Amino acid sequence: MPRIFLFGDNIDTDQMAPGQHMKGGIEALAAHCLEGVRSEFSSTVKRGDIVVGGKNFGVGSSREQAAEALKHLGVSCVIATSFAGIFYRNALNLGLPAMVASTLDGIEDGAEASVDQRAGTLITNGRTIALEPIPENIAPMLAAGGLAPFLRQRFQGAA
Amino acid sequence: MKQTLAQKLIARSTGAPAIIGEVVTANVDLAMIHDSGGPRRVEPLLQEWGVGLWDTSKVVLISDHFVPGDTGEGARILTLTRQWAREKSVTFHDGKGICHVVLPEQGHLTPGMFVVGGDSHSPTGGAFGCYMFGVGATEMAGVLATGEIWVKVPGTILIEWTGRLNPGVVAKDMMLQVCGEIGMDGGQYQAIEYAGEAVRALSMQERMTMSNMAAELGGQVGLIAPDETTAAFLANAGAPEADWSDLHTDEDADLLAHHRFDASTLPPQVAAPHSPANAMPATEASSDVDVAYIGACTGAKYEDLAAAAAILKGQKIAPGVSIAVAPSSAQDQQRATNEGIMKIFEDAGARILPNACGICAGYGTDRLGADVTCISSTARNFKGRMGDPTSQVWLASPYTVAASAIAGRITDPREFL
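Residues numbered from 1 in each chain as written. Chains lettered and ligands numbered in written order. Predicted model: local features only at pLDDT ≥ 70, side-chain atom pairs only at ≥ 80, totals over all residues.

Explanation requested: the overall build of chain A in the structure shown.
Of the regular secondary structure elements, chain A holds 7 helices and 7 strands. Helices and strands appear in chain A in the N-to-C order β-α-α-α-β-α-β-α-β-β-β-β-α-α. Against the globule reference of 15 Å for 159 residues, chain A gives a C-alpha radius of gyration of 15 Å, in line with a compact fold. Structurally, chain A occupies a C-alpha span of about 50 × 40 × 25 Å along its principal axes. In chain A, which comprises 159 residues, the share counted as buried stands at 51%. Look at the contacts in chain A between residues 6 or more apart in sequence, and 65% of them connect residues 24 or more apart. (Helix = DSSP H or I, 4+ residues; strand = E, 2+ residues; numbered from the N terminus. Rg over C-alpha atoms; globule rule 2.2 N^0.38 Å. Buried ≥ 20, exposed ≤ 12 C-beta atoms within 10 Å, placed from the backbone. Contact = placed C-beta atoms within 7 Å.)

Now the structure itself:
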């Protein structure tokens, strides 16, 4: 069962993808993901786990390695009460679902949880928390696995 | 229908009326990329898709993040960037400065354009009446392949500055004040528009600082209606002439919010670690400083250099304080050299860094050490961004950075004017 990694407000891109490690590949970069706020994150997060943040998650840079590092570490979904605009676009473009929660009440760090993207729900600790659905114009791209596979279909389908 | 400037700009790019809240596909007039999010990230995707650039004449590449290429990997990325520019025959400004400053300086922007930049500070182009915003590399690859991007027509948050700034108070102070008031998510990824007497009175470089820091407010764009000041700058930069007569928000257009500020009572501001929203008057801040940094797209343009030099002239830096200056562009540095401004920095013992992102991006070997306190004319002071996670960065105007270097502690620059 996936577990929740709970963070606070204004988790910035430089925490997820530190500038010092931006010149390397994603593997090396992801090892430092969020180390400034939670040093054990990259070594303890498991495939399928869910990252939950407060408001303005992903504030800062346009570097998509912030979302890519989470995905590389196996994070299946990012949930926050609000997202910074560029991070939100980047996450979805990379095929990492980013969903807005109406509240973080009842969400506990380390608790087991499941997300139903279609229904727009996060179920944890016996509670069901509503998530805003993925916008209609983005859903087909996310379903394809992100912008790269989506455009590959478009270009190679047309060829 | 009364229209906002943002609506008018998007309508130009789609050829259809722009209705707030609707998702539309815009035709991109120009795409700007840099060495970090550019060739090394987009080329593998273009190859995967089996496509080239949609229009090589509409792509501008600028190296700034890994300049001067002081590590093996940074040098490798720059080499790859240069090879790509040659192969694709795109306009390439190499080592000329920070992309947001070089783009308008080299005449690439004209009012009314729809521009996408591969960097979060791309709202800078809004100062020229362009709808310009930042995207990540995958989305940029999509733009380079198709010439299109989706955008949700935003509402407009009007930030109106009445009155006039006092000497020693500049656009950076205005923006730190706004960050403190509305917060880093106050922009809600909508269109921010700056207006009012104090904004109209600003030079283009100062307006660029305002628009740039729409990123720190969480806006998608940071627009300023073009006027004679814009036209004069662009004519000087060699940009093509454009008709900007309709590029303004109509009176009584629907606004999402309207924030009012008074420039005439604004004192110099600083933002405490680790957020631009931690703004306060410089007189209320109490901290010693170890490093004073004049750099970045919002803090080391010609006028920023001139401001810092006006304070430093004939003064000595406090013992134990080091000062570094990374002029935003080679052109601005040349002008500063010609006017004796760079000499003032040299006399003050400043380390002069390349025309690049430098310590602000924290990508190279120039980074802040453990427990160092820095006062910086940059736009962003996230924990660990400019160096060690224990370093403390205060944001301020170039005036305040220079005054604090002299005093060895955070200081209101008006003491030195």
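Before we go on, may I ask you to explain the overall build of chain B in this structure?
Check the secondary structure of chain B and you find 14 helices and 18 strands. In terms of C-alpha radius of gyration, chain B reaches 20 Å, essentially the compact-globule figure of 22 Å for 417 residues. In terms of its C-alpha atoms, chain B occupies a principal-axis envelope of roughly 60 × 55 × 40 Å. Residues counted as buried form 61% of the 417 residues belonging to chain B. Across chain B, the fraction of contacts at a sequence separation of at least 24, relative to all contacts at a separation of at least 6, is 78%.

What should I look at first to understand the domain arrangement of chain B in this one?
Often the size quoted for an interface is simply the accessible area lost on bringing the parts together. Residue and element names in this part refer to chain B. Once the domains are mapped, chain B shows domain 1 (5-261) and domain 2 (269-416). When each unit is reduced to the centre of its C-alpha atoms, the spacing between domain 1 and domain 2 is 24 Å. Residue-level contacts link 35 residues of domain 1 with 34 residues of domain 2. When residues of the side of domain 1 that touches domain 2 are traced back to their parent elements, those giving at least two are α4 (99-105), α6 (171-182) and α8 (204-212). (Domains from an automatic or database assignment.)

In this structure, what is going on with helix α3 (residues 72-88) of chain B? I would like to understand it.
Think of an α-helix as turning once every 3.6 residues; residues three or four places apart then point the same way. All names here are of chain B. For α3, built from 17 residues, the straight-helix expectation of 24 Å at 1.5 Å per residue is met to within 8% by its first-to-last C-alpha distance of 24 Å. Every buried residue of α3 is accounted for by G74, I77, L78, T81 and A85. Seen from one end, α3 has its buried residues packed into an arc of 100 degrees, which puts them on one side. Exposed and facing more than 90 degrees away from the buried side of α3 are G72, T79, Q83, R86 and E87. Contacts made by the buried residues of α3 are with α2 (39-49), β3 (59-63) and β4 (91-94). At the C-terminal side of α3, S89 shows a positive phi close to 55 degrees. (Expected span 1.5 Å × (residues − 1). Arc of directions from axis to C-beta.)

Got a minute to help me understand the sheet that holds strand β2 (residues 30-34) of chain B in this structure?
The strands making up a sheet associate through backbone hydrogen bonding, with each pair oriented either parallel or antiparallel. Residues and elements named next belong to chain B. Taken together, the 5 strands give an open sheet; going across it, the order is β4-β3-β2-β5-β6, and neighbouring strands pair in parallel fashion. The open sheet has two edge strands with one neighbour each: β4 and β6 (131-134). Here the average twist between neighbouring strands, direction ignored, is 15 degrees. Inspection of the sheet shows strand β5 (residues 114-117) paired to β6 by 4 bridges, in the parallel sense. Counterpart to V115 in the pairing with β6 is M132. Contacting β3 and β4, α3 crosses the sheet at an angle of about 155 degrees to β3. (Pairing = 2+ DSSP bridges. Axes fitted to C-alpha atoms, helices over the stretch in contact; angles between N-to-C directions.)

Help me understand helix α5 (residues 137-146) of chain B, please; the structure alone is not making it clear to me.
All names here are of chain B. Most of α5 sits inside the fold, with 9 of its 10 residues counted as buried. Within the sequence span of α5, burial applies to A137, T138, E139, M140, A141, G142, V143, L144 and A145. G147 sits one or two residues past α5 and shows a positive phi near 75 degrees.

What am I meant to see in the environment of I344 of chain B here?
Residues and elements named next belong to chain B. Assignment of secondary structure puts I344 in helix α12 (residues 341-347). Assessed through the 22 C-beta atoms surrounding it within 10 Å, I344 is described here as buried. Along the backbone, I344 and A310 are 34 residues apart, and their C-alpha atoms lie at a distance of 8.8 Å. Excluding anything up to four places from it in sequence, I344 contacts A309, L312 and K313.

What is the right way to read the interface of chain B and chain A from this model?
Between chain B and chain A, the residue contacts involve 41 residues of the former and 33 residues of the latter. Those elements that provide at least two residues to the side of chain B that touches chain A are α2, α3 and α5 of chain B. Of all the elements, α5 of chain B adds the most residues to the side of chain B that touches chain A, at 5 residues.

Explain the packing of α2 of chain B against α5 of chain B to me, please; I cannot follow it from the model alone.
When two helices pack together, their arrangement is captured by the angle between the axes and the distance separating the axes. Residues and elements named next belong to chain B. Where α2 meets α5, the closest approach of the two axes is 9 Å, and the angle between their N-to-C directions is 55 degrees. As judged from the angle between their axes, α2 and α5 are oblique. In this structure, α2 crosses over α5, and the sense of that crossing is right-handed. In contact with R41, V42, L45, L46 and W49 of α2, α5 contributes A137, T138, M140, A141, L144 and A145. Grouping the constituent residues of the contact of α2 with α5 by class yields 9 nonpolar, 1 polar and 1 charged. (Parallel < 35°, antiparallel > 145°, perpendicular 65-115°, else oblique. Left-handed = near helix turned anticlockwise from the far one by under 90°. Nonpolar A, V, L, I, M, F, W, Y, C, P; charged D, E, K, R; others polar.)

What should I look at first to understand unusual backbone geometry in this one?
Excluding glycine, most residues fall at negative phi; most peptide bonds, likewise, are trans. All names here are of chain B. Here the bond from V67 into P68 is cis, since omega is 10 degrees, no more than 30 degrees from zero. Turning to its location among the elements, P68 is positioned in the loop between β3 and α3. Residue P273 is joined to H274 through a cis peptide bond whose omega torsion reads 0 degrees. Locating H274 in the fold gives a position in the loop between β12 (269-271) and β13 (279-281).

Is there a simple way to think about the sheet that holds strand β7 (residues 127-130) of chain A in this case?
Residues and elements named next belong to chain A. The strand order across the open sheet formed by 3 strands is β5-β6-β7, and the pairing between neighbours is antiparallel. If you trace the sheet from one side to the other, it starts and ends with β5 (113-116) and β7, each paired once. Adjacent strand axes in the sheet meet at a mean angle of 20 degrees when their direction is disregarded. Pairing analysis gives 4 bridges linking β5 to strand β6 (residues 121-124), with the strands arranged antiparallel. Among the inter-strand pairings, D116 is bridged to a residue of β6, identified as T121.

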